[in-house]
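Residue-level listing of the chains:
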Amino acid sequence: MQRKPLSLTVLFFLIFTIAIAQNQPRKKVGVVLKGGGAKGFAHIGALKVLEEAGIPIDYIAGTSMGAIVGGLYAVGYDANKLDSISRTQDWLFLLSDNTARENLPPQLKDASERYLVSLPYRVEFKKRSGKLSLPTGMIMGQNLYSLFLNLTIGYQDYMDFDDLPIPFGCIAADIRTGKEVALREGVLAQAIRASMAIPGMFAPVEIDSMLLIDGGIVNNYPADLVKEMGADVIIGVTILPDKNGKEKNKESLVEVISGLSNFLDKQKEEENIRNTDILITADTHPYGMLNFEKNAIDTIILRGEKAAREKWDELMALKTSLGITESDSLRQTIVNPYIEMDSLEIESIQFIGLSPKESVEMLKRIRLKDNKITRKDLETLTSQIYATGMFTRVLYQLKGDSPFRLVFEVEKKDFKTLNLGLRFDTDDIAAILANTTIRPASSLNSVINITTRLSKNPYFVADYYINHGIFYRGGISYKLSRNEINIFDRGKRSYSFGVTLNSLNLNFSEFYFSNVKLHFGLNFDNFYFFSTLANHTDFQRIGLNNKLYVNYFLEGVYDNLDKSYFPTSGQYFSFRYTLHTDNFYQMNHDLPLNAINLRFFKPIKITDKLNLTPEISGRALLHAPDSIPLIYSNFVGGKFDGHYFPQQIALPGSGGMEILKNSVLKAQADIRYQLTPTQYLYTNLHVAVHNDKVLKIFNGSYFPGINLGYSYLTVVGPLSVEVGYSGLSKKTHAYVGIGHYF
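All values reported here derive from a predicted model rather than from experimental measurement. (Residues numbered from 1 in each chain as written. Predicted model: local features only at pLDDT ≥ 70, side-chain atom pairs only at ≥ 80, totals over all residues. Heavy atoms only, no water.)

Chemist: Provide a residue-level description of the overall build of the protein, including the pertinent values.
Modeler: Counting its secondary structure elements, the protein contains 17 helices and 37 strands. Taken over 742 residues, the protein has a buried fraction of 50%. The contacts of the protein with a sequence gap of at least 6 include a subset with a gap of at least 24, amounting to 63%. Summing over all exposed atoms, the protein offers an accessible surface of approximately 36,000 Å²; the carbon and sulfur share of this is 58%. (Helix = DSSP H or I, 4+ residues; strand = E, 2+ residues; numbered from the N terminus. Buried < 20%, exposed > 50% of the residue type's maximum accessible area, 1.4 Å probe, protein only. Contact = heavy atoms within 4.5 Å. Areas by Shrake-Rupley, 256 points an atom, 1.4 Å probe, with all protein chains shown as cover.)

Below, the structure is given as structure tokens:
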């Protein structure tokens, strides 16, 4: 009889204990994401499995790439969205300060790919002093920062990161104190950018009195941070070290970046790992921290998912211990309306960092339809402002609720840059290009641009122009060039001469808007001819006279190609009409010489790897033959248009320049096949025809030709190997070159 009250007592105690346990708040789960460059894409795969397992994430923290993934996850991008983002981005472009060619002003498109390095320097004219300074990083990070700003719309104000949908924190290091900095408040995009500022590669981020760089050198796996934030249970995602990496990456940038981990507090990292309850370790071999190619990213994400699935039983046990049943939601619902908001309504636009007058000029550049802008167009607009070359950075914020106040924060360049390009080929052997742009006043409108090429055919160019409004500029340009030229006759050298040209251009008006440039001006050409070592030419006999010519010109360009080299979309059209005189209104006491140049080509995508680019170009002299100075004749041949003379028409596969009749037309088709993302095979089929009468051009003489080539895109520019045959020169010609043409 005594056992019954005892049983009831035990049963009551168990029920009471369970009731208390059910009323107890569950333990909080924190996720830690380690830094590791491209290898950090494994975090996305791991997060997919955590979501599938139904593990709640109450806190998330990371370093470097872990900060990027963690920060975006914290504002509501689930693993599938992060997967889509990572696979669709052009990471090699994002990891540079390059501007998409279509966003460049028309006057800068030709020079967009010429330079390998840019070294900043300062010159104080009043103090007559100057210095060449090394950049704080090879990459300022404009493109990445712009991406982070776009993805964090809605969370762009200064804020406590505990107020994000998932509380977030990341690690950076302060160069000025050498201390670790835990970023748990501020501007989210700025904090993420600071955490991944790899020393020497990315410029550091200045916040208050701190100069912040990649937190991986002080705390690459911040389990202590997520515990400090309130986590009771820690799940961590790390990357298995590459056993063969040290030898494979010896004496490379990867070795330098990887070597920064040697400065880590190893004891702290080991303690952080010991304090992790479930450790997911992904094996990303053979991919390293700089493998941002699409196939590498795909594989790394899958490796992260595979590593997390190997911990499935531990995750299920954790889920049970947290008291989560199958009927519970598999993932806490995060409502971020800005993720799906593509069209943004804008109330007003403001610039910070410009004078009132400059702000008005910049605002004239912006045209919004119905006061709305898409997220993509906002990125494009930011890129176009940065592409002017006036600023070291361009940031934006959307203030308030929709309709937003769009605020651009710009930082004027307070330094000049020395831009350097390099090229080797079988024609010029070696060539170096140096350029600098100087703004003599604080105004953005007055610009001096100086460029020089050092080679066996050198030149020096100095431009001064003034921007007036958004569509117009005018100015003056001077060019001094020296060329040694061989003229061929059906493949045999006929004669050689040297020429020094002093050319002065007065640009009366240069209109540019979107992808169009129109240019009207006056040109003075002063030629001085001299004998070369190759030959002593009788200049009078062939019609070369030291003389000053005065020329009027009107030219226009439409160019929306996606790339200068191997374009895949867009089209190009240019024309130039020139009136040549030797006394402002006559040529050789007769009517002025009229010349017109035309060129058009358009890339056509046949398949994902095969492209066809048809092109037609030509030049016609519209006056009597006896009034044409030889120097303004139709020069045809060589690898590049305008290499020796502005009117030169290239003919792939030809060995040199020849002088053709008054009207020349060239039709060609470039067929290109992409072997890999960086390797191409291509062929050029062409035919040139010339005649003295422009209306009888098709009755003239024809010169067919073919050119075959292979190109490998290197960090210094394309490496090209070509061999071709031209019916004009009647011989086979080989060409090898590396670097972008200038």
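Chemist: An account of the side chain of Asn707 is requested, with residue identities and associated values reported.
Modeler: Within the secondary structure, Asn707 sits in strand β35 (residues 701–714). The buried category is assigned to Asn707, whose relative accessible area is 4%. A polar atom in the side chain of Asn707 sits 3.0 Å from the side chain of Glu722. Setting aside its immediate chain neighbours within four residues, Asn707 contacts Pro652, Gly653, Tyr682, Thr683, Asn684, Glu722, Val723 and Gly724. (Polar contact = N/O pair within 3.5 Å; in protein donor to acceptor, adjacent residues only side chain to side chain.)

Chemist: Provide a residue-level description of unusual backbone geometry, including the pertinent values.
Modeler: Cis peptide bonds are those with omega within 30 degrees of zero, and the linkage from His285 to Pro286 qualifies with 10°. Inspection of the secondary structure assignment puts Pro286 in the loop between β14 (278–282) and α12 (294–309). Of the consecutive residues Ser402 and Pro403, the connecting peptide bond is found in the cis state with omega at 0°. Along the chain, the position of Pro403 falls in the loop between β17 (391–399) and β18 (404–412).

Chemist: Summarise helix α2 (residues 42–53); cite the residues concerned and give the values.
Modeler: With twelve residues, α2 extends 17 Å between its outermost C-alpha atoms, agreeing within 8% with the 16 Å of an ideal straight helix rising 1.5 Å per residue. In terms of residue burial, α2 counts as a mostly covered element, since ten of its twelve residues are buried. Taken together, the buried positions of α2 are occupied by Ala42, His43, Ile44, Gly45, Ala46, Leu47, Val49, Leu50, Glu51 and Ala53. Taken from the residues just after α2, Gly54 is the one with a positive phi, measuring 80°. (Expected span 1.5 Å × (residues − 1).)

Chemist: Pulling in residues and values, what's your account of the nonpolar core?
Modeler: Core analysis: the largest hydrophobic core is formed by 105 residues, its most contacted members being Phe41, Ile60, Leu164, Phe168, Phe202, Ile235 and Phe408. Filtering out sequence-adjacent residues up to four positions away, Phe41 remains in contact with Met65, Ser86, Trp91, Phe292, Ile297, Ile300 and Ile301. Core analysis: the second largest hydrophobic core is formed by 23 residues, Tyr495, Ile631, Tyr632 and Met657 among them. (Core = buried A, V, L, I, M, F, W, Y, C linked by side-chain atoms within 4.5 Å.)

Chemist: Tell me about the packing of α2 against helix α4 (residues 79–88), and name the residues and values.
Modeler: When two helices pack together, their arrangement is given by the angle between the helix axes and the distance between those axes. Their axes nearest at 9 Å, the elements α2 and α4 cross at an angle of 160°. Considering the angle they form, α2 stands roughly antiparallel to α4. α2 and α4 meet at a crossing whose hand is left-handed. Along the contact surface, α2 presents Ile44, Leu47, Lys48 and Glu51, while α4 presents Ala79, Asn80, Leu82, Asp83 and Ser86. Here the contact of α2 with α4 is built from residues that sort into four nonpolar, two polar and three charged. (Axes fitted to C-alpha atoms, helices over the stretch in contact; angles between N-to-C directions. Parallel < 35°, antiparallel > 145°, perpendicular 65-115°, else oblique. Left-handed = near helix turned anticlockwise from the far one by under 90°. Nonpolar A, V, L, I, M, F, W, Y, C, P; charged D, E, K, R; others polar.)

Chemist: Could you give an account of the sheet that holds β17, with specific residues and numbers?
Modeler: Read across the open sheet, the four strands follow the order β16-β15-β18-β17; overall the sheet is mixed. Since the sheet does not close on itself, it has two edges, and those belong to β16 (372–374) and β17, each with one partner. Direction aside, the axes of adjacent strands within the sheet are offset by 45° on average. Helix-sheet contacts for helix α15 (residues 356–364) involve β15 (343–352), β17 and β18, and the interaxial angle to β15 is about 150°. Here helix α16 (residues 375–387) sits on the sheet and contacts β15, β16, β17 and β18; the angle it forms with β17, its principal contact strand, is near 150°. (Pairing = 2+ DSSP bridges.)

Chemist: Tell me about the pairing of strand β36 (residues 717–726), and please be specific about residues and values.
Modeler: As paired elements, β35 and β36 share ten bridges and run antiparallel to each other. Counterpart to Tyr710 in the pairing with β36 is Val721. Two strands pair when backbone bridges link them, and β36 and strand β37 (residues 731–738) are joined in this way by eight bridges, in the antiparallel orientation. Bridge assignment links Tyr725 to a residue of β37, and that residue is Thr732. Hairpin connection from β36 to β37: four residues lie between these consecutive antiparallel strands, with Lys730 at a positive phi of about 60°.

Chemist: If you had to explain the packing of aromatic side chains to someone new, which residues and values would you point to?
Modeler: Evaluation of the coordinates by the stated rule reveals 21 aromatic pairs. With a centroid separation of 5.2 Å and 20° between ring planes, the pair formed by Phe351 and Phe408 is classed as stacked. With a gap of 57 residues between them, Phe351 in strand β15 and Phe408 in strand β18 connect regions that are remote in the sequence. You can call Phe408 buried: its relative accessible area is 0%. Connected via pairs of aromatic rings, a cluster forms that spans Tyr495, Phe497, Phe527, Phe529, Tyr549 and Tyr632. In this structure, Arg576 packs its charged tip against the face of Phe553, placed 4.4 Å from the ring centre. (Phe/Tyr/Trp six-rings, centres within 6.5 Å; stacked < 30°, edge-to-face > 60°. Lys NZ or Arg CZ within 6 Å of the ring centre and 35° of its normal.)

Chemist: Could you give an account of a nonpolar patch on the surface, naming the residues involved and the relevant values?
Modeler: The grouping of Leu116, Val117, Leu422, Phe424, Ile432, Leu454, Val715 and Val716 at the surface amounts to a nonpolar patch, some 680 Å² of accessible area in total. Locating Val716 in the fold gives a position in the loop between β35 and β36. (Patch = residues over 30% accessible without salt bridge, like charges linked within 9 Å, V, L, I, M, F, W, Y side chains within 5 Å. Salt bridge = Lys/Arg side-chain N within 4 Å of Asp/Glu carboxyl O.)

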